[in-house]
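So you can see what is in the structure, the chains are spelled out below.
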Amino acid sequence: MAALLKADRGALMMKVYHASGIALAGLVPAAMVIPGGILPIDLALGVVLPIHSHIALNFVVSDYVPKASAPAVRAGLLGVTLLTIAGLTKLSMQGEGVTRTAKRLWKKGE
């Protein structure tokens, strides 16, 4: 649990951060090129994107949040990350999926 709260510390979290960046470099273009959406890609995006963002935002917490407030901010960030994963998973399993939802943002209105 401590590794998740201080996700910008430690070799394992840095490996996860770099691996998630590489995964996103393949997943995002694949999701945009493939017509519609594919459940495995949507599920992967729903986990990899929030984890990558969580680790990156922990760097922001380390750099800009006062040390006394950092533990509470990190706990809140972990909560938001877990809710985001849950929401994107629900969107993928019960809704139109992450890919179709994102593509709708660029779809011309009728």
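Read on for a plain summary of the structure. Each chain has its residues counted from 1, running along the sequence as written. Given that the model is predicted, a residue must reach a pLDDT of at least 70 before its local features are reported, and side-chain atom pairs must reach 80 or more before they are shown or counted; all residues, however, enter totals for whole chains, interfaces and linings. Think of the side-chain values as coming from all heavy atoms in the structure, minus any hydrogens and water.

## Quick notes on the overall build of the protein chain
Logical step 1: The secondary structure content of the protein chain amounts to 5 helices and 0 strands.
Logical step 2: Think of it this way: any DSSP run of H or I at least four residues long counts as a helix, any run of E at least two long counts as a strand, and we number them from the N terminus. In the protein chain, the succession of helices and strands from N to C terminus is α-α-α-α-α.
Logical step 3: When the backbone C-alpha atoms are referred to their principal axes, the protein chain occupies close to 50 × 25 × 25 Å.
Logical step 4: Considering the protein chain as a whole, with its 110 residues, one finds that 26% of them fall into the buried category. In this scheme, a residue with accessible area under 20% of its type's maximum is buried, one over 50% is exposed, and one in between is partly exposed, where area comes from a 1.4 Å probe on protein chains only.

## Re the packing of aromatic side chains
Logical step 1: Two aromatic rings, drawn from Phe, Tyr or Trp (for Trp, its six-membered ring), form a pair once their centres lie within 6.5 Å of each other, and the interplanar angle then sorts them: stacked below 30 degrees, edge-to-face above 60, tilted otherwise. Inspection of the entire model under this criterion finds 1 aromatic pair.
Logical step 2: On the numbers, 6.0 Å between centres and 65° between planes, the contact of tyrosine 17 with phenylalanine 59 is edge-to-face. Of this pair, tyrosine 17 sits in helix H2 (residues 11-33) while phenylalanine 59 sits in helix H3 (residues 39-64); the two residues are 42 residues apart in sequence, bridging distant segments of the chain.
Logical step 3: Residue classification places phenylalanine 59 among the partly exposed residues on the basis of a relative accessible area of 29%.

## Here's the deal with a nonpolar patch on the surface
Logical step 1: A cluster of nonpolar residues, Leu57, Val60 and Tyr64, forms a patch on the protein surface that exposes about 330 Å² of accessible area.
Logical step 2: Mapped onto the secondary structure, tyrosine 64 falls in helix H3. Only residues whose relative accessible area exceeds 30% and that take part in no salt bridge are eligible for patches, with like-charged residues grouped when within 9 Å of each other and nonpolar side chains (Val, Leu, Ile, Met, Phe, Trp, Tyr) grouped when within 5 Å. The protein chains shown are the only cover counted for residues, whose accessible areas, like all others here, come from Shrake-Rupley with a 1.4 Å probe. The term salt bridge refers to a pairing of a side-chain nitrogen on Lys or Arg with a carboxyl oxygen on Asp or Glu at a separation within 4 Å.

## Concerning the pattern of salt bridges
If charged atoms from side chains of opposite charge come close, those side chains can pair.
Logical step 1: According to the stated counting rule, one finds 1 salt bridge in the structure shown.
Logical step 2: Note that arginine 104 and glutamate 96 form a salt bridge whose closest N and O atoms lie 2.4 Å from each other.
Logical step 3: A residue is classified by how much of its surface remains accessible, and glutamate 96, at 33% relative accessible area, is partly exposed.

## Focus: the side chain of asparagine 58
Logical step 1: Tracing the sequence through the fold places asparagine 58 in helix H3.
Logical step 2: Classification of asparagine 58 as buried rests on a relative accessible area of 0%.
Logical step 3: Not counting the four nearest positions on each side in its chain, asparagine 58 is found in contact with Leu4, Leu5, Lys6, Ala7, Asp8, Arg74 and Leu77. Whether two residues are in contact is decided by their heavy atoms: any pair within 4.5 Å suffices.

## With respect to the packing of H2 against H3
Logical step 1: Between H2 and H3, whose axes approach to 9 Å, the crossing angle comes to 135°. Put simply, H2 runs oblique to H3. Taken as a pair, H2 and H3 cross one another with a handedness that is left-handed. Contact with H2, carried on its side by Met13, Met14, Val16, Tyr17, Ser20, Gly21, Ala23, Leu24, Leu27, Val28, Ala30 and Ala31, involves Ile41, Ala44, Leu45, Val48, Leu49, Ile51, His52, Ile55, Ala56 and Phe59 of H3 and no other residues of that element. To obtain an axis, a line is fitted to C-alpha atoms, over the contacting stretch when the element is a helix, and the angle between two such axes runs from 0 to 180 degrees between their N-to-C directions. Angles below 35 degrees are treated as roughly parallel, those above 145 as roughly antiparallel, those between 65 and 115 as roughly perpendicular, and all remaining angles as oblique. Crossings are sorted by hand: turned counterclockwise from the far helix by less than a right angle, the near helix makes the crossing left-handed, and turned clockwise it makes it right-handed.

## Some words on the nonpolar core
Logical step 1: We define the nonpolar core as a collection of buried residues of types Ala, Val, Leu, Ile, Met, Phe, Trp, Tyr and Cys that are connected through side-chain atoms lying within 4.5 Å of one another. The biggest cluster of nonpolar side chains holds 8 residues, and these are Leu24, Leu27, Ala31, Ile41, Leu45, Val48, Leu88 and Val98.
Logical step 2: Those elements that place two or more of their residues in this core are H2 and H3.
Logical step 3: Residue contacts for valine 98: discarding those within four places in its chain leaves Asp42, Leu45, Leu88, Leu91 and Ser92.

## Re the environment of glycine 87
Logical step 1: Within the fold, glycine 87 resides in helix H4 (residues 70-94).
Logical step 2: In this structure the C-alpha to C-alpha distance between glycine 87 and proline 35, which are 52 residues apart in sequence, comes to 23 Å.

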